[in-house]
Amino acid sequence: MIEIKQFCEILRKRSEENNKSFSTLYESHLYGNCFSVLRQELDSMVRVIYLLNIPEIDERKRLIQQTLNGEQWSFINHNNKVQKVTDRDMVGIASQLWGWTQNVYKFGCAFIHLSKFHNYLNEDPFKSLSETDKDNIINQLNDYHNANLNRSSSLEDIIPYLPNVMDKITSNFEYDIRKLENNQDNNI
């Protein structure tokens, strides 16, 4: 139980720092870095969602202990070999529960890894997304954040909603942390 408490404390401290960083970056109009911080917050949330989908408490504790030991998460696969848990694995599970996680994660990754998205002041990265990705982002922002976006919208039209997205991620994340602390899973 100490491992879970320590892990949750780390999660909350990271979240608090992410929120302070996000606010400072947003106020300074450093929107590319805002996306990076959104992605970091979502990274933590996705890990908790992954843990909540493991019904065996001992297995959760083992993965948490790997974090506390500075190790990458792993498991024994069907071939009896050690296999690393990848971001793709975790995002896949989170997306089954919260469809929007994959969209935010994918868009945020483009700002973490050097890409043409970093030229967002000169070339709108939203325009370069597939129609499906655009529709997913538009629908999410329209449905959950009362935006009025369409396919001709730009990144500039999305930026005012970034604080709402950060708040939504953080509140969902805190809810999931409490479930983890109470040894619940996503079936409860």
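Anyway, here's the lowdown on the structure attached to this text. Computed from a predicted structure; not experimentally measured. (Residues numbered from 1 in each chain as written. Predicted model: local features only at pLDDT ≥ 70, side-chain atom pairs only at ≥ 80, totals over all residues. Heavy atoms only, no water.)

Below, the discussion takes up the pattern of salt bridges. Overall, the coordinates contain 14 salt bridges when judged by the stated rule. In this structure, K20 and E16 form a salt bridge, with 3.3 Å as the shortest nitrogen-oxygen distance. Within this pair, K20 and its partner E16 are both found in helix α1 (residues 2-27), separated by four residues, close to a single helical turn. Overall, K20 belongs to the exposed group, its relative accessible area being 52%. The class for E16 is partly exposed, based on a relative accessible area of 46%. Of the charged contacts, one joins R39 and D43 as a salt bridge, the two residues approaching to 3.9 Å between their closest N and O atoms. A residue pair is termed a helical-turn pair when its members lie 3 or 4 positions apart in one helix, as R39 and D43 do in helix α2 (residues 31-52) at four residues. Residues R39 and D43 agree in their burial class; the two are buried. (Salt bridge = Lys/Arg side-chain N within 4 Å of Asp/Glu carboxyl O. Helix = DSSP H or I, 4+ residues; strand = E, 2+ residues; numbered from the N terminus. Buried < 20%, exposed > 50% of the residue type's maximum accessible area, 1.4 Å probe, protein only.)

Now for the environment of R39. Looking at R39, the relative accessible area reads 9%, which means it is buried. Distance from R39 to I169, taken between C-alpha atoms, is 9.7 Å for residues 130 residues apart in sequence.

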